[in-house]
Amino acid sequence: MAHPKRKISKTRRDKRRTHYKAVAPTLATDSTTGEMHLYHRAHWHEGKLYYRGQVLVDKTEDAAEA
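No experiment lies behind these values; they were computed from the predicted model shown. (Residues numbered from 1 in each chain as written. Predicted model: local features only at pLDDT ≥ 70, side-chain atom pairs only at ≥ 80, totals over all residues. Heavy atoms only, no water.)

Caption draft 1: Layout of the environment of M36. Along the chain, M36 falls in strand β2 (residues 36-38). The class for M36 is partly exposed, based on a relative accessible area of 48%. A sequence separation of 14 residues divides M36 from A22, and the C-alpha atoms of the two residues are 20 Å apart. The residues touching M36, leaving out its near neighbours within four places in the chain, are L27, A28 and T29. (Helix = DSSP H or I, 4+ residues; strand = E, 2+ residues; numbered from the N terminus. Buried < 20%, exposed > 50% of the residue type's maximum accessible area, 1.4 Å probe, protein only. Contact = heavy atoms within 4.5 Å.)

Caption draft 2: Representation of the side chain of D30. With respect to the secondary-structure elements, D30 resides in the loop between β1 (27-29) and β2. Engagement of the side chain of D30 in a polar contact is seen with the side chain of H43, the distance being 3.4 Å. Not counting chain neighbours up to four residues away, the residues in contact with D30 comprise E35, H37, H43, Y50, R52 and G53. (Polar contact = N/O pair within 3.5 Å; in protein donor to acceptor, adjacent residues only side chain to side chain.)

Caption draft 3: Structural context of the pattern of salt bridges. Tallied over the entire structure, the rule returns 1 salt bridge. Two residues, D14 and R13, come together in a salt bridge whose shortest N-O distance is 3.1 Å. On the accessibility criterion, D14 (40% relative accessible area) is partly exposed. (Salt bridge = Lys/Arg side-chain N within 4 Å of Asp/Glu carboxyl O.)

What follows is the structure, given as structure tokens:
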């Protein structure tokens, strides 16, 4: 098993780790509702599931029927 001959200083270790960064997710605005959501993801707004500006699932109709 590898064993270091010298201790790596905190500065040297941290210089190596400078490229590991968390990136903020890119957000999109829905054209019909104006709701912010992740790209390429469906999102719920007022009981309806939207994707690319179109309604996929409407939960409000299910509640009205019951």
